[in-house]
Each structure stands twice: as structure tokens, then as C-alpha cells.
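# Structure at a glance
The primary structure of each chain is shown beneath.
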Amino acid sequence: MAVRRSCLYQIGPFSDCIETLAMIHAVESANRSPVLTTLGISLGYRIHDSCSDVTTALRASADFTQPTTEGCGGGASTSTCPPPIMAVIGASSSEISIAVARQLNLELIPQISYASTAIILSDKKRFPAFLRTVSSDLYQTRAMVQLLSDNKWTWVGVVTTDGDYGLSALDSFVSQATASGICVAFKEILPNSLTSHDGKSAFRQAATTLLRNPNVKVVVSFARPIHMMYLYQELRGWGSLLGERVWVASDSWSSSKEVLGEMDLLDIGHVVGFSFKRGNLAPFHHYLMNLININDVIGNNSFLKEFYSLANESGDPGFGSSFTVPAEILLNNSHADVVFSVEMAVSAIVHAVADICSKKNCKTPGTVQPWQVLGALKDSCFELEGKSYCFDKKGDINLGYDVTLWRSVRGVINIHDVVAEYHPLNNSFSYTSGHSKNLTDLRDVVSVCSPSCEPGKFKKTAEGQHTCCYECINCTENHYSNNTDMDQCLSCDTKTEWSLEGSSGCTHKTLEFFSWQDGFAVVLLVLAALGIVLVLLVGALFLHHHQTPVVKAAGGPFSQLILLSLVGSFVSAVFFVGHPSSLQCKVRQVLFGLSFTLCVSCILVKSLKILLAFQLNPDLKDVLRRLYQPYAIICLCVILQVLTCTLWLVLQSPREKATIFTTTVLAECDEGSQVAFGVMLGYIAVLALVCFACAFKGRKLPQKYNEARFITFSMLLYLMSWVIFVPIYVTTSGKYLPAVEMVVILISNYGILSCHFFPKCYVILFKKDHNTKSAFLKNVYEYSRKGITDSSSVSETSVSQTDDKCISHPYSISSPSFFMSTTPVEPTAPQNCWSVDQNIQSIDTATGAMGCSVNGVFFAGQMTRPHRLRRSMSL
């Protein structure tokens, strides 16, 4: 077995000695263990000094691979002689391990390193015989990135050395940091050789870079201890700036407090180190304490003799001529992680050899070949301190890392305080008991290029800049960001959500409609309900007094149809309130259209009655008399509206729709075909105009029983309200648009109710003396006398007068059909037409027609002077 080591006296004159002593102790302990004693074999070792130089290391490696003829027998072929060693332990430097591994690969001599962490060494195609008892730098850089992420340090610098180890670690760190959103502000690569021409300028340049980047509060370093010592010397005197920084140290110098030189820890800031897992150092410490007798040391180990000699020549005050305190000095400078790694390397070889020798006799030299040891190392596990360890397929033992935090207590620097452990399997840290707050305190250090963007903003990076250097921009309307440092704003669902500029979330749009809880809706609903109650009360009153002159004058059975249609119209108004549905949108317009068409059709029949009463053209009157069929006219008018509504519902019916605004969603009814909607309303308007025109001619009839005036006023009110409705409906939008139509419907309904029925109810309830046949006759008589006094026009029908006797050709009126005839009727006896008081015999109470009957002939309208007869009139 061979061990590669560096020169004894460098930056840490005792570190390399500790590694060597740890190897010697491990070999001696293994030789005394039952693993080898039961087999009757033991291991030896040869130690070579590489002096941290690749050429020196390769010269020593050549000695490993050269076979020796000692013990092979004279004349024996050298091919049958075993190589001088079975395995190599070392080196600590990745550069040396890489060079040596390439040479040992030729003979498949297993090489186990206890400190070389370069990622390239995990490539088994290039280094099939290389193994190590530490993790690859891939896991170390991953642990560092995780530490930076946990503390939100996104703007960092990197210092490393030129060479395989430094450049490999740098590439791995940068790639993983970038993937985690961490930016590298600068990368300083220090020359590997300190004796180079530009070495000092490189350290000066690195120090200048650090000072020019005050925002970089965290520096990750993969440099060697000697390089860090020179760098700190360049930074000496800038403690006010350096004291705020956090140095993340790799395993190469995390246990080397010598880098501070004469500086104090407060001069450079905080140091967070990553070191290999450590084991139980008690046996090794006991071994060191037994190295007191210098004679035993010199006699048993020439290496220790050389160490003591070099240490004494160095003038170290810890050494005296009597060598009474060497163990304490070695103990104080021992690194638990390195000692444990060396012990694992020796233990792995011991168990591999034992596994081979348990199957055959190994007492004969040359029985165990290096390639056999290599195979046993890869296929088996070994135990150390009661735990089992195995090399993975890459030849590594990945145990994770201990995270240490350097402390300065009364001028004494403690670098072995483990505050956390890194677990590579789940890429996380677990804090040791009582130390969770230590790393938390470091989070007060802010190392960012730009401050975090609060929710409601997003990061905008300028072209060519680091992604960590950005400007915080407010999210635009209808966009939001709900986390810090978002790269872009998220979009709200504009159908149901909205947001202001710079919002951290979306707000649900308010659903608006003419709701039942709206105060205006409540008022209109109360009016609609009141209208229904009034219609029912009037209908009951009219049914109770259906034989009275007032009820007959109001239209008799037609009045009940009008009241029924008004109920439907009032009910249709209710469907304009509430969240609209497709069914509700269809029902409200159709129900109103049909109901009000029925109402106006009944009024139209009453209006035509008035028109016929004034129509004196014999030819036209005869035609109108045949066409005047009240119920047929009503059915025809309603059927035409039914046809219109049916086509409307079939072709393009009203339906629910949602109109989206900035902050609200309006639920309303889409009337579907606006043409059909206009035809429906226009048809009712045409019927109302006909009613108005017909009734306008009879506006001067007796006031107490004058239906014409009431029809005229109600239709005028209807037409005015709907004329106002059209421009308002076209130009208005919003949740109160249904209320506009609802108001017009109520106005129309109350107009008809007030004009056609309330006066009749007033007469029925409070003027009962006017609701009699005699009162009707008296009213006709008074109206006739007024007409006699005021009339000066010439009648359309001439009256011949001879000797105080008048001969007339009266118009006769048939009560049920209310049509007039011009057939002359001869009176049985000449009568004085002035004797109205005695000759008013009857009144057509069914139709409201008034007149006098002379000898059985009914004269409609007002009585005239002798020699003249005015046109007949009717209510």
C-alpha cells in the first residue's frame, strides 16, 4: 500500500503530517483487527512525497507500476512478478489525483482518494480504477446553491484557482446557480502557481473587484488555503467593507484557519464552511497522545523523525529540545473530516483484501493482484465504527457535508462548530441542536442586485444584463402577480375577474341585474301587485253590478276581457325583475304583447261602435254594419299578434346574455330579433291609434256616460309613454333597462284602469242615483235641450213642415247591432217633435245609445228643433 502526500512544511505544516499519521494509525489498527489476524496476513505501506507537484507525483507513481525482481527467482520472467503495491491512497489534490489516476489505469491499480473532489473523477470510462471516500464537487456546489437560495442570496461572487479542481467546481456552481435564479456578479480565477509573473497582480485585481462590488455581500470560494491567505492580505485594511461579507468556503480551505494570518475573523466577516463528514477521533487522539517518547518515535517511524526535525528547524515555539509537546500540537491541528476519510480508505482496502483472502491462501507474495482488489472494492461494502459503507457506481461514497460556522471567542478562532448537516438525497439541510439560529442570523445580510419586486409588480430585465438586475414594473390592468420577484404578471379571467394596475390579485366582477332587493324594483313590484288587486276588485264589482246602466255603458262583457288582459299585463311586469333566464326573457315580452293586444282589441271594438254611430254614408254604413262582429274582430287582432310572437320565438327568440364590463357583468335579456320586438310593439301602437281616432269623434257626448273621452285619453297616454320609451330604451344600458319597460307597462295599465274603470266604480259606489235608467234619460234630456239651444247647423236630412205638423224621415237604430237605418217610418199620428219629455220611451243601455221613441220609432241622439234634425249620436 502506498500513500501520496504533500511536502511537510507549507501553509499548514501539520495538516499533511496529520493525514500521514492517520493513514499509519489506520493500517496499524487494521493489522491488529480480527479481520486480518484471523487470516494470518498484515498490510504494509510506503509513503511518497508529491510536494503538491504533478511531475513529482508522476515520478513516484512510475515506481508503483514498475515490477520488481526481488523474490521472483533468477531468470524468471518479469511478467510473473507482482507489482510492488496492491492499492494507492491519495492524493488530496484533484489535479495530482487526475494525473496519477491516468497512469494507474494502465495496470488497473485501485486508487482511493480521501480529499479529491473534482467532478471529472466520477467518469468511470476515463478513470475506471479511481475511487474516493468523499463526495463529488457536484454535490458540494449543489449544497452551496441550496444554502444561497435558502438565505435569498442571489447576487454573489466566485473566487477559484486555475486548474482541474477550481475550474470544474466553478462550472458546476455557475450552472446550478443560474438554474436556481442566482446570478454570479464576478468570477475571479487565481493562478495555480504562486511563483508566476502575474501572480501578485492577479490577487490585487481580485481584491479590487471585491471592493468595487459593494452589493456583493456573499463570496463563494473554491481556492486553496494559500491563495485565500494571499487574497486576505490584499484586502487587509478594508475591514469596514469586508466585515459585512459572508464567505462560503469549499472543503479545500473550510478547515484552514491559517488563511487569516495575522488578521482577526472580524476583519473579513463571516465564514460558512463545507467539510466532509467526520467520525470518532478518540482512537486517533489516543494514538497521538502516545507519541511522547521521542526515542520510540525515531526508532519506529522515520517519517516522524523527519517531521520533528523539520518542525524544530522552523523555530516553532511549540517545540523544545525535549519534544515534550508534539502530540498537543498535532492534536490541535488535526482535521476530523480528513482523518475519517483516510480511515475509510484504509478500511475499504482491508476488507477488500480480507474478502479475497478468505477464498484462497494469500500468504504467498503475489497472490493478490491489484485488479482483484479493484473488483472487490466495487462489489462489496465495508464497516467502520459500526456502520456500513459502499462505493456507488461512480466510485464515490456520498455522505453529505457538515456545515461549519467560524467563530472568534476571545481571540481564539473555532472552525469546528458544526451548525448544520447537508443531505444530498433530498438536497436539504438539518440544523443541529441549538444552532438553528446561527445561520438564521446571517440572513440579515442582503446580497441582491435589485430589491425584490413586491406582489403587484414584475421583473423587467434590460437586454444584456444579469437576470438578477431588473426593474420592478407595475402589472397592467386585468393582470396581477401574487408572489415576489415574478418574471411576468398573470392574466385575470376577464369574463369574471378584473384588477387595477399594480394588483396582487384579481377581484371577481360584480354580477348586476335588476334584483328583487333593489329599492326601485320593490316599488315597481308593489305597484304591479297593487294593480292586480285593483283589477280583481274592479272585476268583482262589475260582476256584481253587471245589469246596471254604468256597467253596460262600460262595455258589458268586454270590460271583463279588458280586466283579464290587464291582469296578464301586470303579471308580465313581474318577469322583468330578478336574474334573467332564457325562459323568463321569452315569457315577459310575449305575455305582455298578447295581454295588451287583447286589451286594446276590446277597446277598439268600443271605439268602432262610436265610429258607426257617426257614420251617415248609407253605402259605407251598410258595409260596416256587416263587418262589425265584435268577437271576431278581437280574435283576429289577437291571432295576428300570436302569429308575430310565434315567429319571433321560433326564428330568433329572446334569451339570457351576459354583457361584460370592466368591473361588472350585466345579466340581461337579449331580445333576439329587434325587428320582431318592434313589430310586436308597433302592432299594439297601430291598434291604439285606431282606437284614438275612432273615439276622438265622440268626445262631445254626454259627459257622465261618455266612453269616447276616456278611450281617447287612455290611448293618448299609452302612445305618449311608448313614444318616450323607444328613445330611452335604445340609448340606455345597464341593470335598470328592464325597469324602463316595466314603468311604461305600469303606466299603460294604470292609464286604462284609471280612465275606463275608476270613474265607473266611483259612480257605482258613491253616485248610485246616477246608475239608474231614469238618470240616463234625464242626462239625455238635458244634453238634448242644450243641443236645441246651441244648435244652428242644418241637418243632413231635411224635414218638411206643413201647417204645424212635421213629417220626418228618422234614422232608426237597432240596439243589439247598433247599426242605423235610413228607411223612413211613418208615424201613426203626427206628433210635435218638441214634446221630448213625454216621448222619451227607451234607452239602449246595452250599448250606451240614447234617443227617443215616437210611436214605436226610436230616435237616436239629441232632439232637434222643428223643421230640422241633427245627426244621431251614440256613446
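Predicted, not measured: the structure shown is a model, and the values here were computed from it. (Residues numbered from 1 in each chain as written. Predicted model: local features only at pLDDT ≥ 70, side-chain atom pairs only at ≥ 80, totals over all residues. Heavy atoms only, no water.)

### Section: the overall build of the protein chain
Definition in use: Strands are runs of DSSP state E lasting at least two residues, helices are runs of H or I lasting at least four, and both sets are numbered from the N terminus onward. Accessible area is worked out with a 1.4 Å probe on protein chains only. A residue is then buried under 20% of its type maximum, exposed over 50%, and partly exposed in between. Surface accessibility in these figures is a Shrake-Rupley result with a 1.4 Å probe; residues are shielded only by whichever protein chains are displayed.
Summing up its helical and strand segments, the protein chain has 28 helices and 33 strands in all. When each of the 875 residues of the protein chain is scored for burial, the buried share is 51%. Of the roughly 40,000 Å² that the protein chain leaves accessible, carbon and sulfur atoms contribute 57%.

### A look at the state of the cysteines
Our working rule: By disulfide we mean two sulfur atoms from cysteines, separated by a distance within 2.5 Å.
Applying the stated criterion across every chain, the model contains eight disulfides. What pairs with C183 in a disulfide is C468, and their sulfur atoms sit 2.0 Å apart. Here the disulfide of C183 and C468 is right-handed, its torsion about the S-S bond being about 90 degrees. Of this pair, C183 sits in strand β7 (residues 183-190) while C468 sits in the loop between β18 (457-460) and β19 (471-474), and the two are 285 residues apart along the sequence. Here C468 falls in the buried class, since its relative accessible area comes to 5%.

### Some words on the pattern of salt bridges
Oppositely charged side chains can pair when the atoms bearing their charge come close. Rules: Here, a salt bridge means any side-chain nitrogen of Lys or Arg that lies within 4 Å of a carboxyl oxygen of Asp or Glu.
A full pass over the atoms with the stated rule returns 14 salt bridges. A salt bridge links D417 to R407; the nearest nitrogen and oxygen atoms lie 2.4 Å apart. Taken as a pair, D417 in the loop between β15 (412-414) and β16 (418-423) and R407 in strand β14 (residues 407-409) lie far apart in primary sequence, 10 residues in all. Judged by its relative accessible area of 14%, D417 falls in the buried class. By relative accessible area, R407 is classed as partly exposed at 25%. By sharing partners, the salt bridges in this structure join K277, R278, D402 and E421 into a single network.

### Brief notes about the packing of helix α23 (residues 630-652) against helix α24 (residues 674-696)
What counts here: Axes here refer to lines fitted to C-alpha atoms; in helices the fit is confined to the stretch in contact. Angles between the N-to-C directions go from 0 to 180 degrees. Any angle from 65 to 115 degrees is called roughly perpendicular, while one under 35 is roughly parallel, one over 145 is roughly antiparallel, and all others are oblique. Residue contacts follow a heavy-atom distance rule, with two residues in contact if any of their heavy atoms lie within 4.5 Å. Each residue gets one of three labels, nonpolar for Ala, Val, Leu, Ile, Met, Phe, Trp, Tyr, Cys and Pro, charged for Asp, Glu, Lys and Arg, and polar for the others, Gly among them.
Between α23 and α24, whose axes approach to 9 Å, the crossing angle comes to 170 degrees. Considered as vectors, α23 and α24 are oriented roughly antiparallel to each other. Contacts from L636, C637, L640, Q641, T644, C645 and W648 of α23 reach α24 at A676, F677, V679, M680, Y683, I684 and L687. Here the contact of α23 with α24 is built from residues that sort into 12 nonpolar, two polar and no charged.

### Overview of the sheet that holds strand β8 (residues 218-221)
Put simply, the rule is: Following DSSP output, two strands are said to pair if at least two bridges run between them.
Here we have eight strands laid out as an open sheet, ordered β7-β6-β8-β9-β10-β13-β16-β17, and mixed in their pairing. The open sheet terminates on both sides in strands that have one partner only, identified here as β7 and β17 (428-431). Between one strand axis and the next, the sheet turns by 20 degrees as a mean value, whatever way the strands run. This element, helix α5 (residues 137-150), spans β6 (155-161), β8, β9 (246-249), β10 (270-276), β13 (401-405), β16 and β17 of the sheet and lies at about 145 degrees to β10. The strands that helix α8 (residues 225-235) touches are β6, β7, β8 and β9; relative to β9, the one it contacts most, it runs at about 170 degrees.

### Some thoughts on the packing of α5 against helix α6 (residues 164-179)
As a reminder of what qualifies: It is the rotation of the near helix from the far one that decides the hand of a crossing: anticlockwise by less than a right angle makes it left-handed, clockwise makes it right-handed.
At a closest axis distance of 9 Å, the pairing of α5 and α6 adopts a crossing angle of 45 degrees. Classified by the angle between their axes, α5 and α6 sit oblique to one another. You can see that α5 and α6 cross each other, and the crossing is right-handed. Contacts between α5 and α6 involve D137, L138, Q140, T141, R142, M144, V145 and L148 from the first element and Y165, A169, S172, F173, Q176 and A177 from the second. Residues that form the contact of α5 with α6 fall into these classes: eight nonpolar, four polar and two charged.

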